[in-house]
Amino acid sequence: MPQKSAMSGPNRPITRLIAFTAPLLSMASCLIAQQPPSPEGPAGQSYVGRFVLYTGFLYLDSPSISLSEPGIHIQAGMRWSRHISVGFDYSRGTGATTIGLNHATPAIQNQFGPILAELIAANILPANYVAALPLSSVTQTFTMGPEFPYRRFKRFTPYIRPSCGIINEVATARPADHVTQILVSQVAASGKEEEWTAFYGFGGGVAFNVTKHFSLIVQADLVHDHLFPDLLKNGRNTIRFSIGPGFQFGNNVRKKWGIPGHWE
């Protein structure tokens, strides 16, 4: 029988993520409205802490293979100036999906496609049989680089950043029948594959400034990578969304040039 993706249907985690995010944003809006303006530093400068920490709920979505991976996102950074930060970014998500033979490299399709066709012709497999492999996945990302906030507003701070780093994924096969068990034994005898590769893209977000040291951060990145190139024919785009609390502390990062509204 044809097998559907494990992540298809109306109950995908994205719907639960929206339900989780909406109340947090509403709560942040109420808290911001009740807070007095942020304390001003020397020469009327609002407080911008030298160091920043963030941890939040993560949602990784790779639509081309129907892979959704909720998890955790952690960031730590130092502000070189009021408009340039540098830091480290780590995320980890887990999920499951089903990969069809059509996702495999041409070499694998040419190797196993004719065999499956012969088994179907001999009535050993049903005529509508589709080779599909359920698998579980653990994905980690590691990034270092800059972030560029725009500090025109007191209540919220938007920012942009490049998203370039290294991604690690461990995929574990969960064969559902003897045929897929045989296929897996031919391409990955252990039933598990691990890959490290580079990814690139762009991202950004908004920090809703609740208090001097605390904010609610909503951010997203769109990145591209090609994991398991010996098994999968195409690379994939992945959307990373996260939401959680951010904390800034340390001495106030002062303006260097004294020109309001300009990058310093």
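In what follows, the structure referred to is the one given above.
Quick caveat, the model's predicted, so the values are computed rather than measured. (Residues numbered from 1 in each chain as written. Predicted model: local features only at pLDDT ≥ 70, side-chain atom pairs only at ≥ 80, totals over all residues. Heavy atoms only, no water.)

### Let's talk about the overall build of the protein
Helix and strand counts for the protein come out as three helices and eight strands. The linear arrangement of helices and strands in the protein, starting from the amino end, is α-β-β-β-α-β-β-α-β-β-β. Every one of the 264 residues in the protein was classed for burial, and the buried ones make up 41%. In the protein, once contacts between residues fewer than 6 apart in sequence are set aside, the share between residues at least 24 apart is 73%. Summing over all exposed atoms, the protein offers an accessible surface of approximately 13800 Å²; the carbon and sulfur share of this is 66%. (Helix = DSSP H or I, 4+ residues; strand = E, 2+ residues; numbered from the N terminus. Buried < 20%, exposed > 50% of the residue type's maximum accessible area, 1.4 Å probe, protein only. Contact = heavy atoms within 4.5 Å. Areas by Shrake-Rupley, 256 points an atom, 1.4 Å probe, with all protein chains shown as cover.)

### Side note on the nonpolar core
Within the largest apolar cluster, 21 residues are counted, with the highest numbers of intra-cluster contacts made by L116, Y129, V179 and F228. Looking at which element gives the most residues to this core, the answer is helix α2 (residues 106-121), with three residues. (Core = buried A, V, L, I, M, F, W, Y, C linked by side-chain atoms within 4.5 Å.)

### Examining the environment of F57
Tracing the backbone through its elements, the reader meets F57 in strand β1 (residues 49-62). For F57, a relative accessible area of 31% corresponds to the partly exposed category. Taking C-alpha positions, F57 is 5.5 Å from I243, a pair spaced 186 residues apart along the chain.

### Describing the sheet that holds strand β2 (residues 67-81)
Pairing is antiparallel around the closed barrel formed by eight strands, whose spatial order is β1-β2-β3-β4-β5-β6-β7-β8. Neighbour-to-neighbour, the strand axes of this sheet turn through a mean angle of 25°, independent of strand direction. (Pairing = 2+ DSSP bridges. Axes fitted to C-alpha atoms, helices over the stretch in contact; angles between N-to-C directions.)

### Some details on the packing of aromatic side chains
Inspection of the entire model under this criterion finds six aromatic pairs. Consider the rings of Y90 and F142, whose centres lie 5.2 Å apart with planes at 50°: the pair is tilted. Here Y90 is found in strand β3 (residues 84-100), whereas its partner F142 is found in strand β4 (residues 132-149), with 52 residues between them in sequence. Note on Y90: relative accessible area 18%, which makes it buried. Consider the rings of F153 and F156, whose centres lie 4.7 Å apart with planes at 15°: the pair is stacked. Residue classification places F153 among the partly exposed residues on the basis of a relative accessible area of 39%. (Phe/Tyr/Trp six-rings, centres within 6.5 Å; stacked < 30°, edge-to-face > 60°.)

### Side note on α2
The end-to-end C-alpha distance of α2, which contains 16 residues, comes to 22 Å, matching closely the 22 Å that a straight helix rising 1.5 Å per residue would cover. Where α2 bends most, the angle comes to about 30°, and this point is F112, followed within four residues by the proline P114. Those residues of α2 that sit buried are I108, F112 and L116. (Expected span 1.5 Å × (residues − 1). Bend = angle between axes of the 7 residues up to and from the residue.)

### Focus: empty space enclosed by the protein
Remark: the empty space left among the atoms is shown by a probe the size of a water molecule rolled over them. All told, the structure shown has two cavities of 30 Å³ or more when counted by the stated rule. Approximately 510 Å³ is the volume attributed to the largest cavity. In this structure, the largest cavity is lined by 29 residues; those nearest its centre are I99, L133, L135, V187 and L231. Within the residue set of the lining of the largest cavity, elements represented by two or more residues are β3, α2, β4, β5 (156-173), α3 (178-187) and β6 (192-209). Residue classes in the lining of the largest cavity are distributed as 20 nonpolar, five polar and four charged. (1 Å grid on protein atoms, 1.4 Å probe; cavity = no way out; pocket = protein on both sides within 12 Å on 5 of 7 lines; lining within 4 Å. Points joined across faces, edges and corners; volume = space filled by probe spheres on them. Nonpolar A, V, L, I, M, F, W, Y, C, P; charged D, E, K, R; others polar.)

### Here we look at the packing of α2 against α3
Look at α2 against α3: their axes get within 12 Å of each other, and the N-to-C directions meet at 150°. Judged on the interaxial angle alone, α3 and α2 are roughly antiparallel. Here the hand of the crossing between α2 and α3 comes out right-handed. Residues I108, F112 and L116 of α2 form the contact with α3, whose own contacting residues are V179, L183, Q186 and V187. Of the residues in the contact of α2 with α3, the class split is six nonpolar, one polar and no charged. (Parallel < 35°, antiparallel > 145°, perpendicular 65-115°, else oblique. Left-handed = near helix turned anticlockwise from the far one by under 90°.)

### Focus: the side chain of H73
With respect to the secondary-structure elements, H73 resides in strand β2. By relative accessible area, which is 0% here, H73 ends up buried. At a separation of 3.3 Å, a polar atom in the side chain of H73 contacts the side chain of Q75. Side-chain polar atoms of H73 contact the side chain of S242, separated by 2.8 Å. Residue contacts for H73: discarding those within four places in its chain leaves Y54, T55, G56, L58, D89, Y90, S91, R161, Q219, R240 and S242. (Polar contact = N/O pair within 3.5 Å; in protein donor to acceptor, adjacent residues only side chain to side chain.)

### Observations regarding a nonpolar patch on the surface
The grouping of F51, L53, M78, V86, F247 and F249 at the surface amounts to a nonpolar patch, some 480 Å² of accessible area in total. With relative accessibility at 38%, the residue V86 sits in the partly exposed group. (Patch = residues over 30% accessible without salt bridge, like charges linked within 9 Å, V, L, I, M, F, W, Y side chains within 5 Å. Salt bridge = Lys/Arg side-chain N within 4 Å of Asp/Glu carboxyl O.)

### Things to note about unusual backbone geometry
The backbone of S66 sits at a positive phi, close to 50°, despite the residue not being glycine. Relative to the assigned elements, S66 resides in the loop between β1 and β2. Accessibility expressed as a relative area gives 24% for S66, which makes it partly exposed.

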